[in-house]
Amino acid sequence: MGIGEVLYSLLLGATGGAIIGMIIWVVRRSSNSSQQAVEPLSSVPPRSEFGRDQLVLTVLGIGYLRPAPGTWASAAAIAAGIVIDRYAGAPTLAILTIAVTALGFYACARTLQPGQDPAHVVIDELAGQWLALLFPALAFWFNGHDGWLPWPAWVSAFLFFRLFDIWKPWLIGRADRRHDAAGVMLDDLWAGLFAGIAVIATGILYHVIFIF
């Protein structure tokens, strides 16, 4: 086995270990966050009384999955985003991201009271996760890629988004501390923006170090 093959094997092992470690950390933090923010049953609308706003806020009921509804919503957003990107293209995903974001702001403003950020409200995760996914999707689209989005792109978009959404540094935390309907959406959009930039930055770094 040559030196190049050894380095390649070490890189794959380190990358796999880092991804597994991040997944474990994200799941644990998400579970702890959801346990700390357990909402009283009275604050959860009966599923039989779902209206249009509740369907939007919970993303067709995904917000009721436990534990860690935010992580479930992000995973669903990634799965749907990959399919949309493959069969409708990255520009369509961009249009849908804008539409989902507008719907989220509208539904939150209509439904939530100041200080409310119920765990079952996950439209913000959908919008933020799609924003993060747009960065690699548009990058591949501009380069003429035709096919499924390569797995490192969507895996890193998912992990970076969950990292920033749970960690909430800087502008993300500032938006979260607004404690109003707009803040519910804004912190995840900031997280999606930071995650998308991180995906592109790590992709460039990988190509600079290991390809060029």
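Residues numbered from 1 in each chain as written. Predicted model: local features only at pLDDT ≥ 70, side-chain atom pairs only at ≥ 80, totals over all residues. Heavy atoms only, no water.

### A word on the packing of aromatic side chains
- Scanning all chains against the criterion turns up 7 aromatic pairs.
- Measuring from ring centre to ring centre gives 5.6 Å for Tyr87 and Trp148, while their planes differ by 90°; the resulting arrangement is edge-to-face. Taken together, the residues Tyr87 in helix α3 (residues 69–87) and Trp148 in the loop between α5 (123–142) and α6 (151–167) connect sequence positions 61 residues apart.
- Judged by relative accessible area, Trp148 falls into the partly exposed class, the value being 44%.
- Arranged with centres 5.9 Å apart and planes meeting at 75°, the rings of Phe164 and Phe194 form a pair that is edge-to-face. A residue pair is termed long-range when its members are at least 10 positions apart, and Phe164 in helix α6 and Phe194 in helix α8 (residues 181–210) qualify at 30 residues.
- An aromatic cluster is defined as three or more aromatic residues linked by ring pairs; in this entry it consists of Phe164, Trp167, Trp170, Trp190 and Phe194.
- Positioned above the aromatic ring of Tyr87 is the side chain of Arg86, whose terminal nitrogen or guanidinium carbon lies 5.3 Å from the ring centre.
- The ring of Trp148 is capped by Arg86, whose NZ or CZ atom sits 5.8 Å from the centre of that ring. (Phe/Tyr/Trp six-rings, centres within 6.5 Å; stacked < 30°, edge-to-face > 60°. Helix = DSSP H or I, 4+ residues; strand = E, 2+ residues; numbered from the N terminus. Buried < 20%, exposed > 50% of the residue type's maximum accessible area, 1.4 Å probe, protein only. Lys NZ or Arg CZ within 6 Å of the ring centre and 35° of its normal.)

### Looking at the nonpolar core
- In this structure, Leu93, Cys108, Ile123, Leu126, Trp130, Phe160 and Phe164 are the most contacted members of the largest nonpolar core, which totals 46 residues.
- Those elements that provide at least two residues to this core are α2 (52–57), α3, α4 (90–111), α5, α6, α7 (170–176) and α8.
- Not counting residues within four places of it along the chain, the set of residues in contact with Cys108 comprises Leu57, Ile123, Ala181, Val184 and Met185. (Core = buried A, V, L, I, M, F, W, Y, C linked by side-chain atoms within 4.5 Å. Contact = heavy atoms within 4.5 Å.)

### Describing the pattern of salt bridges
- Tallied over the full model, the rule gives 5 salt bridges.
- Between Asp165 and Lys168 there is a salt bridge, with its nearest N and O atoms 3.3 Å apart.
- By relative accessible area, which is 5% here, Asp165 ends up buried.
- Between Arg178 and Asp180 there is a salt bridge, with the nearest N and O atoms lying 3.0 Å from each other. (Salt bridge = Lys/Arg side-chain N within 4 Å of Asp/Glu carboxyl O.)

### Focus: the side chain of Arg162
- With respect to the helices, strands and loops of the structure, Arg162 is situated in helix α6.
- For Arg162, a relative accessible area of 4% corresponds to the buried category.
- For Arg162, the side chain forms a polar contact with the side chain of Thr71, separated by 3.4 Å. (Polar contact = N/O pair within 3.5 Å; in protein donor to acceptor, adjacent residues only side chain to side chain.)

### Describing the side chain of Thr58
- With respect to the helices and strands, the residue Thr58 is situated in the loop between α2 and α3.
- In this structure the side chain of Thr58 is engaged in a polar contact, spanning 2.7 Å, whose partner is the backbone oxygen of Gln54.

### A look at unusual backbone geometry
- A cis amide bond links Arg66 to the next residue, Pro67, at an omega of -5°.
- With respect to the secondary-structure elements, Pro67 resides in the loop between α2 and α3.
- At Leu60, a residue that is not glycine, the phi angle is positive and equals roughly 60°.
- Assessed through its relative accessible area of 70%, Leu60 is described here as exposed.

### Description of the confidence of the model for the chain
- Mean pLDDT over the chain: 84, with 76% of residues reaching 70 or higher.
- Per-residue pLDDT stays below 50 along residues 3–20; that stretch engages in 6 contacts with residues further than four places along the chain or on separate chains.
- For the stretch residues 34–43, pLDDT sits under 50, and the model shows 9 contacts to residues farther than four places along the chain or on other chains. (pLDDT = per-residue confidence, 0-100.)

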